[in-house]
Amino acid sequence: MEAPRSSARNCTGPGRRAAWESVQACQTLQGFQPSRQCRWKWHRASFFETELAETFRSFFQRTSQADRTGRENFSHTLSIMKDEPEEAELILHEALRLAIQSDNKKAIIYTYDLMANLAFIRGQLENAEKLFKATMSYLLGGGMQQEDNAIIEISLKLASIYAAQNRQEFALAGYEFCISTLEEKIEREKELAEDILSVEEKANTHLLLGMCLDAYARYLLFSKQPSQAQRMYEKALHISEEILGERHPQTIVLMSDLATTLDAQGHFDEACAYVQRASDLARQVGHPELHMVLSNLAAVLMHRERYAQAKEIYQEALKQAELKRDEVSIQHIRKELAELSRKSRSLT
């Protein structure tokens, strides 16, 4: 079974930028900048990153001319998916050919998943959709249940593809399926003894639910439904704090995102409290997106007409963005500083 090849016709997204950025809503809310932290991770043990990855690694080594070549090819494929997607695609198509030739089902499934993620990263949403569906078909055909975390992971990615394509009915159905299925699963499994279901497995399911709530909240925010987004963010933040801890980078991002939804509803004091705490923690842990969190703090301060404080925080955010060489953030912050200057002049 040959996977659909990437082509310019399939590219409906912003080229090499991650496709999930196209459904991030904070840009549409005055002054806010969306986090670009990858939302597929949440630092949980994914089925595709454990069992299938090991099978793929072993398979690649066996089918290469030497074990060393297999190890290098496998690591190289994962490392270049963002920076050299064309080369990664060629390697994955060769891996898929070998997997199909030897009828290695697990290697086929994992290769399809990697190819789907590569297409998603490149903004080739139609191609990614086909590949994710092919992956799901193999998993379900092998006896996996619909409530399995691996199926939920793919369903979540499909929902985000539909959101980016403005296929709202499919996106809503996808997000709601993921969340309701996981909530029912967690409720059913909460009393299971550890020798039946480990603490780690239970935590992984909770984190996957948090990831789904997070993604759905972003979609709701994009759809200008901040009160509904707020509820999703509150649930996601509770899960992240409980399992990952308050100082975890994902928790800090969620605090900042929750502040965005509160600010959009005019709850400025509550928004300021959340984003101030997020900023303090981001400084303490050296968060990779500190400049974005600071930018959001400055936006809340500006909406509260605390212009002097907002300017100071924007300038700190600009310095951090320049250190990161994040041109998108630099342009955003400079634009907000110009708007802040205009507002300040209008008061004098």
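Everything numeric in this text was worked out from a predicted model, so none of it was measured.

**Re the overall build of the protein**
Across its full length, the protein holds 14 helices and zero strands. Listed by position from the N terminus, the elements making up the protein come as α-α-α-α-α-α-α-α-α-α-α-α-α-α. Counting across all 348 residues of the protein, residues that qualify as buried make up 53%. If you take every contact in the protein between residues at least 6 apart in sequence, the share linking residues at least 24 apart comes to 66%. Surface exposure of the protein reaches about 16200 Å², of which carbon and sulfur atoms provide 49%.

**Things to note about the packing of helix 5 (residues 125-141) against helix 6 (residues 149-164)**
Between two packed helices, what matters for the description is the angle formed by their axes and the separation of those axes. Put simply, helix 5 and helix 6 touch, their axes get as near as 10 Å, and they point 160° apart. Taken together, the axes of helix 5 and helix 6 lie roughly antiparallel to each other. By crossing handedness, the relation of helix 5 to helix 6 is classed as left-handed. On helix 6, the residues that touch Leu125, Ala128, Glu129, Phe132, Lys133, Thr135, Met136, Leu139 and Leu140 of helix 5 are Ala150, Ile151, Ile154, Ser155, Lys157, Leu158, Ile161, Tyr162 and Ala164. Of the residues contributing to the contact of helix 5 with helix 6, the split by class is 13 nonpolar, two polar and three charged.

**Brief notes about unusual backbone geometry**
Within the chain, Asn166 stands out as a residue other than glycine whose phi angle is a positive 65°. With respect to the helices, strands and loops of the structure, Asn166 is situated in the loop between helix 6 and helix 7 (168-189). Look at Asn166 and you get exposed, because its relative accessible area is 51%. Non-glycine residue Lys224 carries a positive phi angle of around 60°.

**Examining helix 7**
Compared with an ideal rise of 1.5 Å per residue, which puts 22 residues at 32 Å, helix 7 spans 31 Å between its outermost C-alpha atoms and is within 8% of the ideal. When we look at burial in helix 7, the residues that qualify are Ala171, Gly174, Tyr175, Cys178, Ile179, Thr181, Leu182, Lys185, Ile186 and Glu189. All buried residues of helix 7 fall inside an arc of 160° around its axis, so they share one side. Every exposed residue of helix 7 that faces more than 90 degrees away from the buried side is listed here: Glu169 and Glu184. Buried positions along helix 7 lie against helix 6, helix 8 (199-222) and helix 9 (226-243).

**Digging into the nonpolar core**
For soluble globular proteins, nonpolar side chains are generally found buried alongside one another. Judged by nonpolar contacts, the single largest core of 89 residues is most densely connected at Phe132, Tyr175, Cys212 and Tyr314. The dominant element in this core, judged by the number of residues it contributes, is helix 8, at twelve residues. Setting aside residues up to four positions removed in sequence, Phe132 forms contacts with Asp113, Ala116, Asn117, Phe120, Ile154, Lys157, Leu158 and Ile161.

**Observations concerning the state of the cysteines**
Scanning all chains against the criterion turns up zero disulfides. In this model Cys178 remains outside any disulfide bridge; the closest cysteine sulfur is found in Cys212, 4.5 Å from its own. Looking at Cys212, the relative accessible area reads 1%, which means it is buried.

**Some remarks on the pattern of salt bridges**
Applying the stated criterion across every chain yields a total of 17 salt bridges. We note a salt bridge from Lys105 to Asp103, for which the minimum N-O separation is 2.7 Å. Given a relative accessible area of 42%, Lys105 falls into the partly exposed group. Where Arg334 meets Glu322, a salt bridge forms, and the shortest distance between an N and an O atom there is 3.5 Å. With Arg334 in helix 14 (residues 327-346) and Glu322 in helix 13 (residues 307-324), the pair connects residues that are twelve residues apart, well separated along the chain. One continuous salt-bridge network, built from bridges that share partners, spans Glu86, Glu89 and Arg122.

**Re the environment of Glu169**
Mapped onto the secondary structure, Glu169 falls in helix 7. Placed ten residues apart in sequence, Glu169 and Ala159 show a C-alpha to C-alpha distance of 9.7 Å.

**Brief notes about the packing of aromatic side chains**
Within the structure shown, the criterion is met by five aromatic pairs. Ring centres of Tyr162 and Phe170 lie 5.4 Å apart, and the angle between their planes is 50°; this geometry places the pair in the tilted category. An aromatic cluster is built from Tyr175, Tyr216 and Tyr219, whose rings are joined through pairwise contacts. Taking the ring centre of Phe170 as reference, the NZ or CZ of Arg167 above it sits at 5.2 Å.

**Some details on helix 9**
Taking 1.5 Å of rise per residue, the 18 residues of helix 9 would be expected to cover 26 Å, and the 25 Å separating its terminal C-alpha atoms lies within 8% of that figure. Here helix 9 has its buried residues at Pro226, Ala229, Gln230, Met232, Tyr233, Ala236, Leu237, Ile239 and Ser240. Each element contacted by the buried residues of helix 9 is listed here: helix 7, helix 8, helix 10 (249-264) and helix 11 (268-285).

**Some details on the confidence of the model for the protein**
On average, residues of the protein carry a pLDDT of 82, and 76% of them reach 70 or more. The least confident element of the protein is helix 2 (residues 67-79), whose mean pLDDT is 47; the most confident is helix 9, at 97. Taken as a whole, residues 1-28 scores under 50 in pLDDT and shows 87 contacts with residues more than four places along the chain or in a different chain. Overall, residues 36-41 carries pLDDT values under 50, and its contacts beyond four positions in sequence, including any with other chains, amount to 31 contacts.

Conventions we followed
Residues numbered from 1 in each chain as written. Predicted model: local features only at pLDDT ≥ 70, side-chain atom pairs only at ≥ 80, totals over all residues. Heavy atoms only, no water. Helix = DSSP H or I, 4+ residues; strand = E, 2+ residues; numbered from the N terminus. Buried < 20%, exposed > 50% of the residue type's maximum accessible area, 1.4 Å probe, protein only. Contact = heavy atoms within 4.5 Å. Areas by Shrake-Rupley, 256 points an atom, 1.4 Å probe, with all protein chains shown as cover. Axes fitted to C-alpha atoms, helices over the stretch in contact; angles between N-to-C directions. Parallel < 35°, antiparallel > 145°, perpendicular 65-115°, else oblique. Left-handed = near helix turned anticlockwise from the far one by under 90°. Nonpolar A, V, L, I, M, F, W, Y, C, P; charged D, E, K, R; others polar. Expected span 1.5 Å × (residues − 1). Arc of directions from axis to C-beta. Core = buried A, V, L, I, M, F, W, Y, C linked by side-chain atoms within 4.5 Å. Disulfide = S-S within 2.5 Å. Salt bridge = Lys/Arg side-chain N within 4 Å of Asp/Glu carboxyl O. Phe/Tyr/Trp six-rings, centres within 6.5 Å; stacked < 30°, edge-to-face > 60°. Lys NZ or Arg CZ within 6 Å of the ring centre and 35° of its normal. pLDDT = per-residue confidence, 0-100.

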